[in-house]
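Each chain, letter by letter, is given below.
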Amino acid sequence: MDPNKAEDRDDATGPELSMQRSRWATRKLTVKSSAMKRLSLLGKLHDRKASTEKKRASGGSESLRQSQVDGAQEDVASINSDSAGAAPRQVYFNIPLPDELKDQNGNPSTQYPRNKIRTAKYTPLSFVPKNLWFQFHNVANIFFLFLVILNIFPIFGGVNPGLNAVPLIFIVCVTAIKDAVEDYRRTILDIELNNAPVHRLVGWDNVNVEEDDVSVWRRFKKANTRVFGAVWHAISGSWKKEEDVDSKPQKGAHADPRLSIQTTHTPWDSAGSPRSQRQSFMSAREDIQMTPVPSPLPKSTNTGLPDLDVDGASPTHLANQLAAHDVKGDLVNHNLPISGKARFHKDAWKNLVVGDFVRIYNDDEIPADIIILATSAADGACYVETKNLDGETNLKVRSALRCGRSIKHARDCERAQFVIDSEPPQPNLYKFNGAINWRQSLPWDEDGEPVSMSEPISIDNMLLRGCNLRNTEWALGIVIFTGHDTKIMMNAGITPSKRARIARELNFNVICNFGVLLVMCLIAAIANGIAWAQTDASLYWFEYGSIGGTPGLTGFITFWASIIQFQNLIPISLYISLEIVRTLQAYFIYSDLGMYYEPIDQPCIPKSWNISDDVGQIEYIFSDKTGTLTQNVMEFKKATIHGQPYGEAYTEAQAGMNKRLGIDVEQESAQVKAEIARAKLRALAGLRELHDNPYLHDEDLTFIAPDFVDDLAGKHGQEQQKANEHFMLALALCHTVISEKQLGDKPKMIFKAQSPDEAALVSTARDMGFTVLGMHNDMIELNIMGEDRHYPVLNTIEFNSSRKRMSSIIRMPDGKIMLFCKGADSVIYSRLKKGEQRELRLQTAKHLEMFAVEGLRTLCIAQRELSEQEYIAWRKDHDVAAKALENREEKLEEVADRIEQDLTLLGGTAIEDRLQDGVPDTIALLGDAGIKLWVLTGDKVETAINIGFSCNLLNNDMDLLRIQVNEDESGQTSEDDYLQAAEQELDRGLSNFNMTGSDEELKKAIHDHEPPAATHGLVIDGFTLRWVLSDRLKQKFLLLCKQCKSVLCCRVSPAQKAAVVSMVKNGLDVMTLSIGDGANDVAMIQEADVGVGIAGEEGRQAVMSSDYAIGQFRFLQRLVLVHGRWSYRRLAESISNFFYKNMVWTWSVFWYQAFCNFDISYIFDYTYILMFNLFFTSVPVVLMGVLDQDVSDKVALAVPQLYRRGIERLEWTQTKFWAYMVDGVYQSIMSFFIPYIVVVLTSSASGNGLDVAERTRLGAYIAHPAVFTINMYILINTYRWDWLILLVVAISDLFVFFWTGIYTAFTYAGAFYQTAPQVYGELTFWMTLLVTPMVCLLPRLVVKCIQKQGFPYDVDIIREQVSLGKFDSLEAEPLVAASANGSEGSSSTSSDGTSKTKSSKKGKHAQYASVDEDRRPIYPPSVATHNTRTQNGSDDRARPSYDRIRASMDRVRPSLEQSNDFTSAARLSRIESSHSNHDATSSGQRRFNLNTVRKRGLSAFSKKSIDP
Amino acid sequence: MAPRRRRGADAAQEDSSEPDAPKNRPPNTAFRQQRMKAWQCVLTPKLIVTIFSILAAIYLGFGAYLTWLAHTVRDLRIDYTDCIRDAPKNEAGILPPKYISAHFSENAALDPYEAQWQATKRNISYHNGQYTRERDVCIIQFNIPERLEPSISFYYYLENFYQNHRRYVGSFNAKQLLGDPVEGSSINGSTCDPISHEANGSGKIVYPCGIIANSIFNDTFSSPTLLTVPATGDAPPETERVYVMENNTGIAWPGLADLYGKTRYNLSQIVPPPNWNESYFFGYTPDSPPPDLHTWEGFQNWMMLAASPNFYKLYQRNDRDPMLVGTYMIDIVSNFDTNLYNGRKSFVITTVSTMGSRNIWPGIIFLIVGGICLILDVYFILSFFLWKPRKLGDPSYLSWNQPQAPAPGHATSAP
């Protein structure tokens, strides 16, 4: 078969999917490039352009990097010149390695990475050193370690070195344990993945790797693994032995090693594979009975296109290849003697090496990057699901190499002799260049010299690690890239250790404090040195020499001693407390019922415990589309048939639009949902009455249209009945889905398609009684209302992204030949027969537009009746085109274009790409909070724009800026040209904002956190992104994006997603959050400051690499606006207070030094110093950091604007830090000197004349008020006083008394003995305790009072409003309701405006008790609609959904009328009348035409266009 | 889509999350959901004014009381540092008033600043007359201008003497003080250094070891003697009467004794600290045994290291008898030369209130705080209610309402 065929097939099937296919393979080599490539390969085109590998920045389509591929002339020397990492690789199969690839010992010189991968940061072995190494990267930790060491020497006055080391040991241990726990799950997953089973060929010599290539180090590690394995075994019984080749039979379908495919019958071959009778192209000499396998591949091309390898010769190729080209390639050298020992054995993933043969079975995950040699399907096709790679769940076709298809068994593998030349590993998911070379005897010349043959290998011949094989019994391939060389791994970043921004900024403050500390110590050292130089002081006479001997040395020692004493300035306890605070914050995030997703029992799981405060400063959110914004569920919702709209639905987009209009959506949706439920019952009853369809399952019905059912029953005339039946028939006939019958009590037909849209169409046909049973002998078997019918399919013209349509040519039972065509509305309209169906087309266009407004994806269905002659003539052309060797696809397209003309419109369909619950709401809310949301999707541009409209990211008032550079398939355009083109595009965009992209503008932009006005949206695709992300254009791109309200990046690769995130993060110095659900989002999740993974039903890779795992997108609002905001504010306050309190304490000690010649003696008893940060003051700060709330969660959601302080990072600023520091110093002065004055300036401060002026007693006089002050200060800075904080403050305060009482009751206290009874009996003590805190707190209190009254923050106003009872209604709502029905409960009033307008708006709504009343002014619907009805004779229909959308369209019309006449209805009629088929002709080029963008023109059809 | 198998962790995850048993569902408790009942402290103008009014009242009240209390205390302090050097030898001379500070009521009969001093030498006998030494003695006459009610405390006051240096504060051996015969090996090289062993290499342990004990203030004060005894009733007139002050009981905190014990060293093991040689001229002998630290309250007081280089220590006291008006005389054996280190020494006779001796500062601080609160209170009242009152919860103050110029109707729509 022709290599083009695979691509052709790829492009085939189904309307939506080929677009997705071309998204998958961005290079879009469908037509020219594939031919080009082949030529280039054969023509020994060497590295034309050594495109450097830009790992992150590049994406989309890497320019061709061509390795040597000519089999005849191998330039081996250049290949093995480098190590396997970067150089192209050559892999030999059953051919000894050439000497160049061997080292002196005859072992392969190239070493490939193992297939064992580790995403975990640590192994049990490396944990301790590595973790310590990381931990002591922290400046503070080094300082603390230094202090501990300093403390060991008593000369520095350290009191208890052991005790002193405890905090450091504690924090190191806690951090280590935390890291271990965080890493643990990754390790488990790694182990599981590495030990996942795969069937690998054993008993065969893989020449590419050394057999016993196990280094000593690895053996050591292995031994360790066993030890840890044993430990693990003890813990969990389910440990599977980690043996290299564990042939022990295991349970399951693949229990036994398979000798060959014939020994087992595939359990997957479920009963009803309708196309299982496919003709097999297997060569006659194959002696195996292949299990028939369903394949959706088009019959027509096959029948018309027998194996090109046999007869498709066209002598245009190189002469020396000519003969060989006619031969069917076959890798198997049948003359090669074999051992016959080779078997496919079950083995672990990690044991795979480059050059291994593997057999993958259905649904297996692919363990490495594999080149497919053969599959169970005769034509070598197989299906993969690439969810883990690009987030798409639809199936994609991959095909085996032509030359390898004869390999079926292990023994074939042994005989196959070939060499694979491959490009070096690179991260581009959509591109692979390689070639397979072998020598083959020519059939007519058995004894002659074998001829060198070669075949190119493209990405279409590859199975990439992380994909899943689907709908294919098995695939046999060879491993080409393993482990970290695989594309998925190259796209994945290293699991980052994220540190919160505050934690990073804290370093600066720590260094500041370090400076302060040094100054203090220097003062102490100098003063002390001077003191000891005195000869007329008591120390000279009574102390017999200083510590250091000389004054200078004494001063020097004092310096270090004072560092120990003042070390609390850089509080180790701060780090401990922050760890605790963050962990508890994470715990409360985990505990939040509001983020608990019932259906999959998923609470919000913080994976990184230490970045909760970052969540409170997010300015940019990068979101994936599929599975994140949308559920990736396509539901057929509406249809317009013969000018009649059907279907009831209430979409999120509709809700969002209504909400913007000020309708009480909650109420409306409840009402509408009830209506729909009633309609569903009615429709079901009607359907059952019509025909008790066994394949109709009530719960699966998505197309809820009782009126359709009525019409189907003929209640409104025969014409409509016929039209409806015909429409459904068309849906059932024109598709490429595979059907599968699920047996059971209730038989079920399940449809699998390359696109979920198509499956939805066929499913709806099934529900309406037009069930596709399967494909049989080129006939579609249908069950129509209980009657089995067969429709021979003459041709299927496949979908691809340029055609945007697909057609089936069917011979109808009455002998007529019908062509059914479905496709994008503009495409179909441009192909309708001129001058007919005017009214119908207008109506349909109108309906389609309304569907589009509701956020539905629309398709048009049309048909054409072909005469016999017409068809035969066309068929002939088609067959010729299909056989063409060059430009086959273009020719095929041209042929197809010819027959898809003069169509008759049948109607349109509307499919909902279901948004997740509450997505538009959430986006609006986040927008109000000042957060900018960008969508980064692998999807195609149109889909992304569509979703952009659905979820309020785009609206009609926006100008859509489209930045695009067209890819030149020929590869002639140089990089510079691309860059230039991209720059022009950017300049054009920037000129809209009168900007040039200068550095000044960037500087300004960095300080501007205001969300841009909703005037512009920007759309860019992956290919263009590649250029604008270059260093030269990055800045312009960034500035342009910043000016746009919404940015959509389409068709971007995982690495590009990360590059965009990185650009914004670093370019604008902002906090970013990425949210996604698939493995393709991993890179951006890791790149962003905060990564959020949606724990869906699909893969968990995103979740594993994320920082927070949530169940639904809408929980993001709670995570960000509530918990993020809280956490940030709490932490900022906590840290400030922490520094403050240590300032108070440490400086009190410092002031005392003035009275002891700075000789660094302690004013406090040593236990006070220990207790201070442990019990006296820490708990309130921690509690404040964990529980304080300035406003409750509901208010935070109701007034999202409060979040902006976080975006502007105003809660933790240097000003704040220094203010608290200065306050701390002031308070330390007061804390020290007031007790000092009271106690020392008198002969006795005790009522009995006894001495309390002793050093530690004065310390007690100071410590008590200081602790009271600090705790009180913390309490003042706490907004929310619940019983817990009050209790903790009280306990902390009382604990000082308690501890003093207990401790001083024992003589162990030494000089401190009996302090408690002595001091507590004194009035002076209590008076000090009364006045000192007051003096300390007074400035703060006054400032707070003045600020709250005179210069209130937003939050102060809101809090006042709360206290006035403004938000009482919110508070009353139960939380559970919010979690149950999504965000509506908690955010219903918050979507727009301020709290003020909100509350006023709420009041306004109150008078409209019901939705109907709200709608009344616009009801009844416009005349135009009315006319429509009468025309169709369907006056009496109740079509609530239709009317509703009409109503809202009418309502917004005036405001939008002038803004946009570019409505789809008007546009479609224009397209139709112009009869242009520019879309068809532009096939080779991906164009972006604004016409094709579904603009939500609400201005609808102006009266002109409606009136006939 | 095809039915999906899931491997490993996912499967396990799934198993653990059966829909009917939502294992991971967080409990719906007020604490876990962070909605505990709480008081949101909103500083409204009313609240602020109330707070400051209360504070002003409290602190002004206490301030007045403490000030009054301080003024009830009577004290007299005489600095005798220069007595031996400057005072007339063997005859009384005028004590310069600059060395005197006193607080008595204004209209007292005698002038407390009139005092006399005299330096002399006298033989002082030690250890019940075991031996005698000639010592400098300072004799001071001073006036107590009004009757002082008990209890009367007598302090000595040292200035510029640092009891709080890093090495000084640790220079003792707690076990030794408690009476334990601590081995010389553990004394030597300990915190007691260099006052741990006899200097001449005899290996005898210094008891009590350490710098603190060695540097004890060893001036001795006699009880003051009233020279002008008033005639009381029919009792025969006295020329002088000793106002007996107890100098070894009740001058230290009772509990302190727990830290000290009678030593169990053999006398042969130990020597007194070098500075004690004046009183232990022949070292420790059966006739001049080491002091019983458990009962020596003066020593205990000394060992309570003063926080400040200027400190008072209680020397003697009388809790029973009033101190009558008149001229008193006191003998001071001056052993401790403060002039060496620029220090000064004084003695203090004072009455004691519940706030201790005279200290006017607490009262002043209270008054200042109260005064400030009062001023602020007035300011707040004027500011919040008269000058620029602000409506509570006024949304026009919200930052996102700022740019769009406040349209009056727009801003006041809040209920």
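Because the structure is a prediction, the values reported are computed rather than measured.

Chemist: Help me understand the overall build of chain A in this model?
Modeler: A count of helical and extended segments in chain A gives 57 helices and 34 strands. Considering only contacts within chain A whose residues lie at least 6 apart along the sequence, 79% involve residues at least 24 apart.

Chemist: Would you mind showing me how to read the overall build of chain B here?
Modeler: Scanning chain B for helices and strands turns up 10 helices and 15 strands. Here chain B has a C-alpha radius of gyration of 35 Å; the compact-globule value for 415 residues is 22 Å, and the former is much larger. For chain B, contacts bridging at least 24 residues in sequence account for 75% of all contacts bridging at least 6. Total accessible area on chain B stands at roughly 18,900 Å², and carbon and sulfur atoms take up 56% of it. Considering chain B, the positive charge centre built from 36 side chains and the negative charge centre built from 38 side chains are found 14 Å apart.

Chemist: Sorry, what's going on with the pattern of salt bridges here?
Modeler: If the charged atoms of two oppositely charged side chains come close together, the side chains can form a pair. Enumeration according to the criterion identifies 66 salt bridges over all chains in this entry. A salt bridge links aspartate 460 of chain A to arginine 398 of chain A; its shortest N-O distance comes to 3.9 Å. One end of the pair, aspartate 460 of chain A, is in the loop between strand S10 (451–457) and strand S11 (462–463); the other, arginine 398 of chain A, is in strand S7 (residues 395–399), and 62 residues separate them in sequence. Using a relative accessible area of 1% as the deciding quantity, one classes arginine 398 of chain A as buried. Among the ionic pairs, arginine 122 of chain B bridges to aspartate 331 of chain B, the shortest N-O distance being 3.0 Å.

Chemist: Looking at this structure, how should I read the packing of aromatic side chains?
Modeler: For the coordinates displayed, the defined rule picks out 108 aromatic pairs over all chains. Between phenylalanine 1233 of chain A and tyrosine 1236 of chain A, the ring centres sit 6.2 Å apart and the planes meet at 70°, which makes this aromatic pair edge-to-face. Of the two residues, phenylalanine 1233 of chain A and tyrosine 1236 of chain A are both situated in helix H42 (residues 1214–1240); the distance of 3 residues between them amounts to about one turn of the helix. Looking at phenylalanine 1233 of chain A, the relative accessible area reads 26%, which means it is partly exposed. Between phenylalanine 161 of chain B and tyrosine 168 of chain B the ring centres are 6.3 Å apart and the planes differ by 80°, which places this aromatic pair in the edge-to-face class. Since its relative accessible area comes to 0%, phenylalanine 161 of chain B is described here as buried. Judged by relative accessible area, tyrosine 168 of chain B falls into the buried class, the value being 0%.

Chemist: Looking at this model, I keep getting lost on the UniProt feature "transmembrane region" (unreviewed entry) in chain A. Mind explaining?
Modeler: Residue and element names in this part refer to chain A. Mapped onto the present numbering, the UniProt feature "transmembrane region" (unreviewed entry) falls on residues 139–156, 508–533, 1166–1187, 1217–1238, 1258–1276, 1283–1303 and 1323–1343. Annotated as 95% helix and 0% strand, the span residues 1166–1187 places its first and last C-alpha atoms 31 Å apart. The span residues 1283–1303 carries 100% helix and 0% strand; its end-to-end C-alpha distance comes to 29 Å.

Chemist: How do you make sense of the nonpolar core when you look at a structure like this?
Modeler: General note: in soluble globular proteins, nonpolar side chains tend to be found buried as a group. Ranked by size, the top nonpolar core spans 226 residues in total, and within it Tyr1168 of chain A together with Phe52, Ile140, Phe142, Phe221, Trp302 and Phe347 of chain B carry the most contacts. Here the element with the most residues in this core is helix H37 (residues 1115–1153) of chain A; it accounts for 15 residues. With near-sequence residues (within four places) excluded, phenylalanine 221 of chain B lies in contact with Tyr80, Phe154, Tyr156, Tyr315, Gln316, Ile330, Asp331, Ile332 and Phe347 of chain B. In this structure, Ile947, Leu954, Leu1119 and Val1122 of chain A belong to the second largest nonpolar core, which totals 66 residues.

Chemist: Explain unusual backbone geometry here, please?
Modeler: Trans peptide bonds make up most of the peptide bonds, and negative phi angles are found at most residues other than glycine. Residue serine 151 of chain B is reached from proline 150 of chain B by a cis peptide bond, and omega for that bond is 0°. Within the fold, serine 151 of chain B resides in the loop between strand S6 (131–144) and strand S7 (152–159). Here the amide bond leading from aspartate 193 of chain B into proline 194 of chain B is cis, since omega sits at -5°, within 30 degrees of zero. Mapped onto the elements of the fold, proline 194 of chain B is located in the loop between helix H6 (184–187) and strand S8 (205–206). Positive phi is not limited to glycine here, since histidine 642 of chain A has a value of about 55°.

Chemist: I tried to follow the UniProt feature "transmembrane region" (unreviewed entry) in chain B on my own but got confused; where do I start?
Modeler: Residues and elements named next belong to chain B. Residues given the UniProt feature "transmembrane region" (unreviewed entry) here are residues 47–68 and 360–387. Helix makes up 100% of residues 47–68 and strand makes up 0%, while its end C-alpha atoms are separated by 32 Å. Spanning residues 360–387, this segment combines 96% helix with 0% strand, and its end C-alpha atoms are found 38 Å apart.

Chemist: Got a minute to help me understand the interface of chain B and chain A in this structure?
Modeler: It is common to give the size of an interface as the accessible area that goes away when the parts come together. In this assembly, 120 residues from chain B lie in contact with 136 residues from chain A. When the two sides are added together, the surface that chain B and chain A hide from each other amounts to roughly 10,900 Å², 60% of it contributed by carbon and sulfur. Run the count over chain B and chain A and you get 3 salt bridges. The partner of glutamate 1360 of chain A in a salt bridge is arginine 390 of chain B, with the nearest N and O atoms 2.6 Å apart.

Chemist: Would you explain the sheet that holds strand S15 (residues 618–623) of chain A in this entry?
Modeler: Sheet strands pair by backbone hydrogen bonding; their relative direction is either parallel or antiparallel. All names here are of chain A. Across the sheet, which stays open at both edges, the 9 strands sit in the order S14-S33-S32-S31-S15-S27-S30-S29-S28 with mixed pairing between neighbours. Looking along the sheet, the strands with just one partner apiece sit at the ends: strand S14 (605–606) and strand S28 (959–963). Bridging between strand S27 (residues 932–936) and strand S30 (residues 1046–1050) involves 3 bridges; their strand directions are parallel. Across the sheet, residue valine 935 finds its bridge partner in S30, namely leucine 1048.

Chemist: Teacher, can you tell me more about the pairing of strand S13 (residues 474–481) of chain A here?
Modeler: Along any regular strand the residues' side chains alternate between the sheet's two faces. Residue and element names in this part refer to chain A. The element S13 is largely enclosed, with a buried count of 8 among its 8 residues. Pairing analysis gives 5 bridges linking strand S4 (residues 357–361) to S13, with the strands arranged antiparallel. Across the sheet, arginine 359 pairs through a bridge with leucine 476, a residue of S13. Relative to S13, strand S5 (residues 369–375) runs antiparallel, the two sharing 6 bridges. Opposite isoleucine 370, over in S13, you have valine 479 as the bridge partner.

Chemist: Is there a simple way to think about the side chain of glutamine 602 of chain A in this case?
Modeler: Residues and elements named next belong to chain A. Along the chain, glutamine 602 falls in the loop between helix H18 (572–591) and S14. The exposure class assigned to glutamine 602 is buried, which follows from its relative accessible area of 3%. When residues no more than four places from it in sequence are discounted, the contact partners of glutamine 602 are Met595, Tyr596, Tyr597, Ala1095, Ala1109, Ile1110 and Gly1111.

Chemist: Could you clarify how one ought to interpret helix H28 (residues 919–928) of chain A in this entry?
Modeler: Each full turn of the α-helix corresponds to 3.6 residues, which orients residues three or four apart in the same direction. Residues and elements named next belong to chain A. Most of H28 sits inside the fold, with 9 of its 10 residues counted as buried. Inspection of H28 places Val919, Pro920, Asp921, Thr922, Ile923, Leu925, Leu926, Gly927 and Asp928 among the buried residues, and these make up the whole buried set. Directly beyond the C-terminal end of H28, a positive phi value near 90° is found at glycine 930.

Chemist: Can you help me understand the sheet that holds strand S13 (residues 311–318) of chain B in this one?
Modeler: All names here are of chain B. The 5 strands are arranged S4-S2-S15-S7-S13 in an open sheet whose pairing can be described as antiparallel. In this open sheet, the two edge strands, each paired with only one partner strand, are strand S4 (100–103) and S13. With direction set aside, neighbouring strand axes in the sheet form an average angle of 15°. Pairing between strand S2 (residues 75–79) and strand S15 (residues 344–351): 5 bridges, direction antiparallel. Bridge pairing links aspartate 79 to serine 346 in S15.

Conventions adopted
- Residues numbered from 1 in each chain as written.
- Chains lettered and ligands numbered in written order.
- Predicted model: local features only at pLDDT ≥ 70, side-chain atom pairs only at ≥ 80, totals over all residues.
- Heavy atoms only, no water.
- Helix = DSSP H or I, 4+ residues; strand = E, 2+ residues; numbered from the N terminus.
- Contact = heavy atoms within 4.5 Å.
- Rg over C-alpha atoms; globule rule 2.2 N^0.38 Å.
- Areas by Shrake-Rupley, 256 points an atom, 1.4 Å probe, with all protein chains shown as cover.
- Lys, Arg positive; Asp, Glu negative; His and termini not counted.
- Charge placed at Lys NZ, Arg CZ, Asp CG, Glu CD.
- Salt bridge = Lys/Arg side-chain N within 4 Å of Asp/Glu carboxyl O.
- Buried < 20%, exposed > 50% of the residue type's maximum accessible area, 1.4 Å probe, protein only.
- Phe/Tyr/Trp six-rings, centres within 6.5 Å; stacked < 30°, edge-to-face > 60°.
- UniProt positions renumbered as here; feature names shortened; annotations may be inferred.
- Core = buried A, V, L, I, M, F, W, Y, C linked by side-chain atoms within 4.5 Å.
- Buried area = accessible area lost by both parts, 1.4 Å probe.
- Pairing = 2+ DSSP bridges.
- Axes fitted to C-alpha atoms, helices over the stretch in contact; angles between N-to-C directions.

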